[in-house]
Structures are given as structure tokens and as C-alpha cells.
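Listed below are the residues making up each chain.
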Amino acid sequence: MSGISDPSTADFDPSLKPDKKATRDEKWTYLQKAVAYIMGHPEGIADLGPAAINMYTVVFDFCHNKNRSPWVQYPPKAPLLREPELSDQLYERLVDFLDLYFEDIFSILEPLHGLELLAHYAAQFDRASASANQLDRVFNYLNRQRLCHNPDSKHFGKYENSVPTQRRITVKATVFDAWRNNVLAQLQRDSSKFTSALLDIVHQRSENTGDDANVVKRMLESLIALDDQLSNPVHQSTLYHDHFQSRFLSEWDSFCLSKQTEIGILMGKKVEDSLVQPKDVLQLEMDRMAKYLPECTQKEMLARVEKNTHDKSIAL
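Residues numbered from 1 in each chain as written. Predicted model: local features only at pLDDT ≥ 70, side-chain atom pairs only at ≥ 80, totals over all residues. Heavy atoms only, no water.

Caption draft 1: Inspection of the overall build of the protein at higher detail. Each helix and strand in the protein was counted, giving 11 helices and 2 strands. In the protein, the succession of α and β elements from N to C terminus is α-α-β-β-α-α-α-α-α-α-α-α-α. Counting over 316 residues, the protein shows a buried share of 46%. Within the protein, contacts between residues separated by at least 24 positions form 72% of all contacts whose residues are at least 6 apart in sequence. As displayed, the protein offers around 15900 Å² of accessible surface, 51% of which is attributable to carbon and sulfur atoms. (Helix = DSSP H or I, 4+ residues; strand = E, 2+ residues; numbered from the N terminus. Buried < 20%, exposed > 50% of the residue type's maximum accessible area, 1.4 Å probe, protein only. Contact = heavy atoms within 4.5 Å. Areas by Shrake-Rupley, 256 points an atom, 1.4 Å probe, with all protein chains shown as cover.)

Caption draft 2: Geometry of helix α2 (residues 53-62). Every buried residue belonging to α2 is among N54, M55, V58, V59, D61 and F62, and all of these are buried. Along the long axis of α2, the arc covered by the buried residues comes to 165°, so they all point the same way. (Arc of directions from axis to C-beta.)

Caption draft 3: Representation of the pattern of salt bridges within the structure. Within the structure shown, the criterion is met by 9 salt bridges. D253 is the partner of R304 in a salt bridge, and the nearest nitrogen-oxygen pair spans 2.7 Å. One end of the pair, R304, is in helix α11 (residues 295-308); the other, D253, is in helix α9 (residues 239-267), with 51 residues separating them in the sequence. The class of R304 is partly exposed, set by a relative accessible area of 23%. Of the charged contacts in the structure, one is a salt bridge between R288 and E285, with a shortest N-O distance of 2.8 Å. Here R288 and its partner E285 are both found in helix α10 (residues 283-289), 3 residues apart, which amounts to about one turn of the helix. According to the relative accessible area criterion, R288 is buried, its value standing at 6%. Owing to a relative accessible area of 11%, E285 belongs among the buried residues under this scheme. Each member of the salt-bridge network shares a partner with another, and the members are D253, E300 and R304. (Salt bridge = Lys/Arg side-chain N within 4 Å of Asp/Glu carboxyl O.)

Caption draft 4: Layout of the packing of helix α4 (residues 114-138) against helix α6 (residues 171-188). At a minimum axis separation of 8 Å, α4 and α6 run at an interaxial angle of 160°. It follows that α4 is roughly antiparallel to α6 by the angle criterion. Classified by chirality, the crossing of α6 by α4 is right-handed. Counting all contacts with α4, which are made through L117, Y121, Q124, F125, A128, S129, A132, N133, L135 and D136, the residues of α6 involved are V171, K172, V175, F176, W179, V183, L184 and L187. (Axes fitted to C-alpha atoms, helices over the stretch in contact; angles between N-to-C directions. Parallel < 35°, antiparallel > 145°, perpendicular 65-115°, else oblique. Left-handed = near helix turned anticlockwise from the far one by under 90°.)

Caption draft 5: Here's a closer look at the packing of helix α1 (residues 24-40) against α4. At a minimum axis separation of 8 Å, α1 and α4 run at an interaxial angle of 140°. Considering how the two elements wind past one another, α1 and α4 form a crossing that is right-handed. Seen from α1, the contacting residues are V35, I38, M39 and G40; seen from α4, they are R127, S131, Q134, L135 and V138. Per-class residue counts for the contact of α1 with α4 are 5 nonpolar, 3 polar and 1 charged. (Nonpolar A, V, L, I, M, F, W, Y, C, P; charged D, E, K, R; others polar.)

Caption draft 6: Representation of the confidence of the model for the protein in the model. The share of residues in the protein with pLDDT of 70 or more is 72%, and the mean pLDDT across the chain is 79. Mean pLDDT values for the elements of the protein range from 42 in strand β2 (residues 80-82) up to 96 in α6. Here residues 1-9 is modelled with pLDDT under 50, and outside its nearest four sequence neighbours on either side it reaches 18 contacts, counting other chains as well. In the model, residues 161-166 has pLDDT below 50 throughout and makes 24 contacts with residues more than four positions away in sequence or in other chains. (pLDDT = per-residue confidence, 0-100.)

Caption draft 7: Looking closely at the nonpolar core. In this structure, M55, F102, Y121, F139 and F244 are the most contacted members of the largest nonpolar core, which totals 77 residues. With 10 residues, the single largest contributor to this core is helix α3 (residues 84-109). Excluding its chain neighbours within four sequence positions, the residues that come into contact with Y121 are L109, W179, V183, L184, L187, F194, M219 and S222. (Core = buried A, V, L, I, M, F, W, Y, C linked by side-chain atoms within 4.5 Å.)

Caption draft 8: Seen up close, the environment of A36. Inspection of the secondary structure puts A36 in helix α1. Of the residues examined, A36 reaches a relative accessible area of 3% and is grouped as buried.

Caption draft 9: Structural detail: the packing of aromatic side chains. Throughout the structure, instances matching the rule amount to 13 aromatic pairs. Consider the rings of F102 and W179, whose centres lie 5.4 Å apart with planes at 80°: the pair is edge-to-face. Here W179 lies in helix α6 and F102 lies in helix α3, a separation of 77 residues in the sequence. What makes W179 buried here is its relative accessible area of 1%. Three or more aromatic residues joined by ring pairs make a cluster, and in this case those are Y101, F102, Y121, F125, F176, W179 and F194. (Phe/Tyr/Trp six-rings, centres within 6.5 Å; stacked < 30°, edge-to-face > 60°.)

Caption draft 10: Main features of the side chain of K27. Positionally, K27 belongs in helix α1. Despite its burial, K27 pairs with no opposite charge; the closest candidate is D61, at 5.4 Å N-O. Setting aside chain neighbours within four positions, we find K27 in contact with P18, D19, K20, A22, V58, D61 and F62. (Lys, Arg positive; Asp, Glu negative; His and termini not counted.)

Caption draft 11: Region of interest: empty space enclosed by the protein. Applying the stated criterion to the full structure yields 2 cavities of 30 Å³ or more. Its volume calculated, the largest cavity comes out at about 40 Å³. Lining the largest cavity, in full, are M39, Y101, F102, I105, Q124, R127, A128, S131 and W179. Elements represented by at least two residues in the lining of the largest cavity include exactly α3 and α4. Tallying contributions element by element places α4 first for the lining of the largest cavity, with 4 residues. Its residues placed into classes, the lining of the largest cavity shows 6 nonpolar, 2 polar and 1 charged. (1 Å grid on protein atoms, 1.4 Å probe; cavity = no way out; pocket = protein on both sides within 12 Å on 5 of 7 lines; lining within 4 Å. Points joined across faces, edges and corners; volume = space filled by probe spheres on them.)

Shown next, in the form of C-alpha cells:
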């Protein structure tokens, strides 16, 4: 990694807080180093000591005018509110930084394949998730001025404590959104590289090693975590379905049908005449994958077995 998004090159001293009257570029230079530090230290900011509080202060200072009262009427005749356009500026700079940061992560993952790709992806995603929690706290002032998505709320379509100028999600969700756009989506552009690597391991008929199963489990959990963070009452994220479950279940259907045909030939009679109960169908295969597949997918697998066998029986 190199350049602006490289946390290893961020020489960050939280005590060197810019003056309240400093330019916004000067304040952003400080905050940019703070973000780089947080992304490179997902364990937290406790090591920075009491001076870490300066990050919160600079975020607040950035969002207010230095030469006049932060309280303005916007629009005219509206209640006195803090200037939302300034927090939008800070949010946009943060988004640009995260895009660059995760583009660098993608450049590391791009040449990798198979299990090596998945292992590195899982490690980087875990770091990004932990850092997202830290950034969400430091930039909490931006969250307080975000657009409300809850249609049941009286604030729906409006910023809390602000005037709506654009749709904005929480800082934590913004980190996951940047990951989705700059890492996951870019990997999928290469012949669905992410999904293919996952399915190659899942469909191994021999027993997966503990490490392999753990990596697959972490990958699937990462997709579910993205859906949880990027969903709201207005829009439901479907990354887990789109990038894994849909293709997996399609291949599962094909496997079930091929198994029926194989057994029908071996028995020399129609599958419907077999004596084994449907819930025993492919149970061994399902048990093998149960260690890493979410419960929702396991239920769908069983439902499709019963549908494909018409509630009749086949033998393993």
C-alpha cells in the first residue's frame, strides 16, 4: 500500500490539534492522519492516551464556521440549526479517503486465488469491521446529522438536528459501503472470483479441514454483516443472496437431481419407488456443510430436497 491511504505511513500525533480558526484543509490533514491511524489499528485508540479526545474536537470544529456563529438560519425562517453543508463536506472527504484506502486493499487481493484469496479477504474484512466501529465513534457528530431512513419516524426524509441536503448513511455503514464498492464488487468483476473461490471449497466432496471450514464460515458471515449494515427500512441489501446463496442453491438443485438419476439407474426402477424418507436425502452432504452454512441456507437446502423428490425417498 502507498500514498494517502497507507496507515503505516501515517505519522499521527493527536496532541497536534489544529487551532479552531485553522482552515478546513488543515483540519482535514489532521483528521486524515487520524483515520489512517484508526484503519491501521483496529484494536482501538486507547494507546493514543487522553489526547485522542482532540479528534472529536476537530470533527466538531470542521463542521462550524470559524468567523461567525455556528448557528444560522437555513433555509430562511427555519429554526436555528448548525450548518449541515459543512458536515457534508467532511463526510465527502471521508468517503473519498475510504475509497482510496480500499482500492489499495483490492490491489493486494487481486492477484490471489482460491483459499489464499479467501483467507486474506477475511483478515482484511475483520480489520475493516473493527476500524468501522472506531470511526463511527470519532465521527459521531456526522451521524447526528444524517438523513433518517425510518418511514415510521416523524423525522423520515430529514436530518436529525439538521436540514436535509443529501441522503447520507452512518459512518460505520459508510465504511462497509466503501468495502462493497471497492473490494467485493471489484473482485466479482473478474468472473465472480469471490463466489467461485467460495463454491470451489464448499463443493469439495472430501471432508474440509477445520481451517478451510472456518475461512468459508467467516466469508459467509462477512456477506451477512454487509447486508446488516447496508440495509434500512427503505432498502434491503441482498449481497449474501446475490454473491453466494443464489448460485449455491442452483448448484445444489443440480446435485440433487443428478443424485436421483444415479440412484434410479442403480436400483433399476423409478426413484419414487424407493423406501428411504425424504429427510434422509443427501443428509450426509448437508451435515458436512452445516459447520459453515447459515441456518437460513440449510433450511432452503432441505426444502429443495423435498421439492425435488416430491416428498418421496432416495438413497445415498
